[in-house]
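What the coordinates show
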Amino acid sequence: MAKLTKAQREWRPGMPKKRRSTKVMFASTVLLLEAFVVLFGTLTVFGLRRDEFAPVLIFSVGIALCLVYVFTCAVLSKPWGVALGWILQIVLILTGILEPAMFLVGGLFAVAWWYGIRTGIRIDREAAQRERDQAAWDAAHPEDQSN
């Protein structure tokens, strides 16, 4: 039998499902797409500049950066996670030093990051308000609830 997660072990019938953050989902999507861009950017730099930089250096930095983007998805719910994401946006823009097209790509991803964070916060705020309104209505109308 598969090992149960903490959430699965603590679940009891009738427990409400914890709502996932839209901000975290949007931000994770952008970061994962950026990880692919970094991977393909690494291959591009290897193809164009392998005479200037050691291939081991190119691949080690590129793969390490990819992993940082992926692992940042795991800490987005922490207070410093979004700040780390902003730092990674700057890093992606600065990769334009090695491949000038990355200035544009990094800038576009920074805009996508900003929009995802901003919109995710708004959607999370609206969902929380809806949940509070529903709880207040349920408390005021107990006879209307059907189980």
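The structure contained in this document is the topic of the report that follows. Just so you know, these numbers come straight off a predicted model, no measurement behind them. (Residues numbered from 1 in each chain as written. Predicted model: local features only at pLDDT ≥ 70, side-chain atom pairs only at ≥ 80, totals over all residues. Heavy atoms only, no water.)

Moving on: the overall build of the protein chain. Tallying secondary structure elements over the protein chain gives 5 helices and 0 strands in all. Going residue by residue from the N terminus, the α and β elements of the protein chain occur as α-α-α-α-α. On C-alpha atoms alone, the protein chain measures out to a radius of gyration of 21 Å, which is more than a quarter above the 15 Å that the 2.2 N^0.38 rule sets for 147 residues. Projecting the C-alpha coordinates of the protein chain onto the three principal axes gives extents of approximately 75 × 40 × 20 Å. For the protein chain, the accessible area works out to roughly 10,400 Å², and carbon and sulfur atoms hold 69% of it. Across the protein chain, 17 positive and 12 negative side-chain charges occur, with their mean positions spaced 6 Å apart. (Helix = DSSP H or I, 4+ residues; strand = E, 2+ residues; numbered from the N terminus. Rg over C-alpha atoms; globule rule 2.2 N^0.38 Å. Areas by Shrake-Rupley, 256 points an atom, 1.4 Å probe, with all protein chains shown as cover. Lys, Arg positive; Asp, Glu negative; His and termini not counted. Charge placed at Lys NZ, Arg CZ, Asp CG, Glu CD.)

Core analysis: the largest hydrophobic core is formed by 19 residues, its most contacted members being Leu 31, Val 38, Tyr 69, Leu 76, Leu 92 and Trp 113. It is helix α2 (residues 22–49) that contributes the most residues to this core, 7 residues altogether. The contact partners of Leu 92, leaving out residues within four places of it in the chain, are Glu 34, Val 37, Val 38, Tyr 69, Met 102, Gly 106 and Phe 109. (Core = buried A, V, L, I, M, F, W, Y, C linked by side-chain atoms within 4.5 Å. Buried < 20%, exposed > 50% of the residue type's maximum accessible area, 1.4 Å probe, protein only. Contact = heavy atoms within 4.5 Å.)

Before going further, it helps to examine the pattern of salt bridges. Overall, the coordinates contain 4 salt bridges when judged by the stated rule. The partner of Arg 49 in a salt bridge is Glu 52, with the nearest N and O atoms 3.5 Å apart. Taking relative accessible area as the criterion, Arg 49 reaches 22% and is therefore assigned partly exposed. Across the pair Glu 126 and Arg 122 runs a salt bridge whose closest N-O atoms are separated by 3.3 Å. (Salt bridge = Lys/Arg side-chain N within 4 Å of Asp/Glu carboxyl O.)

As for its position among the elements, Ser 28 is in helix α2. Relative accessible area serves as the criterion here: at 16%, Ser 28 is assigned to the buried category. For Ser 28, the contacting residues outside a window of four places in its chain are Cys 73 and Leu 76.

On to a nonpolar patch on the surface. On the surface, Leu 32, Ile 63, Leu 67, Val 70 and Phe 71 cluster together to form a nonpolar patch covering roughly 450 Å² of accessible area. Here the nonpolar patch gets 4 residues from one element, more than from any other, and that element is helix α3 (residues 55–72). With respect to the helices and strands, Val 70 occurs in helix α3. Relative accessible area serves as the criterion here: at 36%, Val 70 is assigned to the partly exposed category. (Patch = residues over 30% accessible without salt bridge, like charges linked within 9 Å, V, L, I, M, F, W, Y side chains within 5 Å.)

For the coordinates displayed, the defined rule picks out 2 aromatic pairs. Looking at Arg 50, its charged tip hangs above the ring of Phe 46, at a distance of 4.9 Å from the centre. (Phe/Tyr/Trp six-rings, centres within 6.5 Å; stacked < 30°, edge-to-face > 60°. Lys NZ or Arg CZ within 6 Å of the ring centre and 35° of its normal.)

Where α2 contacts α3, the axes come no closer than 8 Å and their chain directions differ by 175°. The orientation of α2 with respect to α3, classified from their angle, is roughly antiparallel. Judged by residue contacts, Leu 31, Leu 32, Glu 34, Ala 35, Val 38, Leu 39, Thr 42, Leu 43, Val 45, Phe 46 and Arg 49 of α2 engage Pro 55, Ile 58, Phe 59, Gly 62, Leu 65, Cys 66, Tyr 69, Val 70 and Thr 72 from α3. The class makeup of the residues in the contact of α2 with α3 is 15 nonpolar, 3 polar and 2 charged. (Axes fitted to C-alpha atoms, helices over the stretch in contact; angles between N-to-C directions. Parallel < 35°, antiparallel > 145°, perpendicular 65-115°, else oblique. Nonpolar A, V, L, I, M, F, W, Y, C, P; charged D, E, K, R; others polar.)

For helix α4 (residues 81–94), which comprises 14 residues, the first-to-last C-alpha distance of 20 Å matches the rise-based estimate of 20 Å (1.5 Å per residue) to within 8%. The complete set of buried residues in α4 reads Gly 81, Val 82, Gly 85, Leu 88, Gln 89 and Leu 92. The buried residues of α4 occupy an angular sector of 110° when projected down its axis, which confines them to one face. Turning to α4, the residues buried within the fold contact α2, α3 and α5 (101–140). (Expected span 1.5 Å × (residues − 1). Arc of directions from axis to C-beta.)

By themselves, these figures tell us nothing about what the structure is for.
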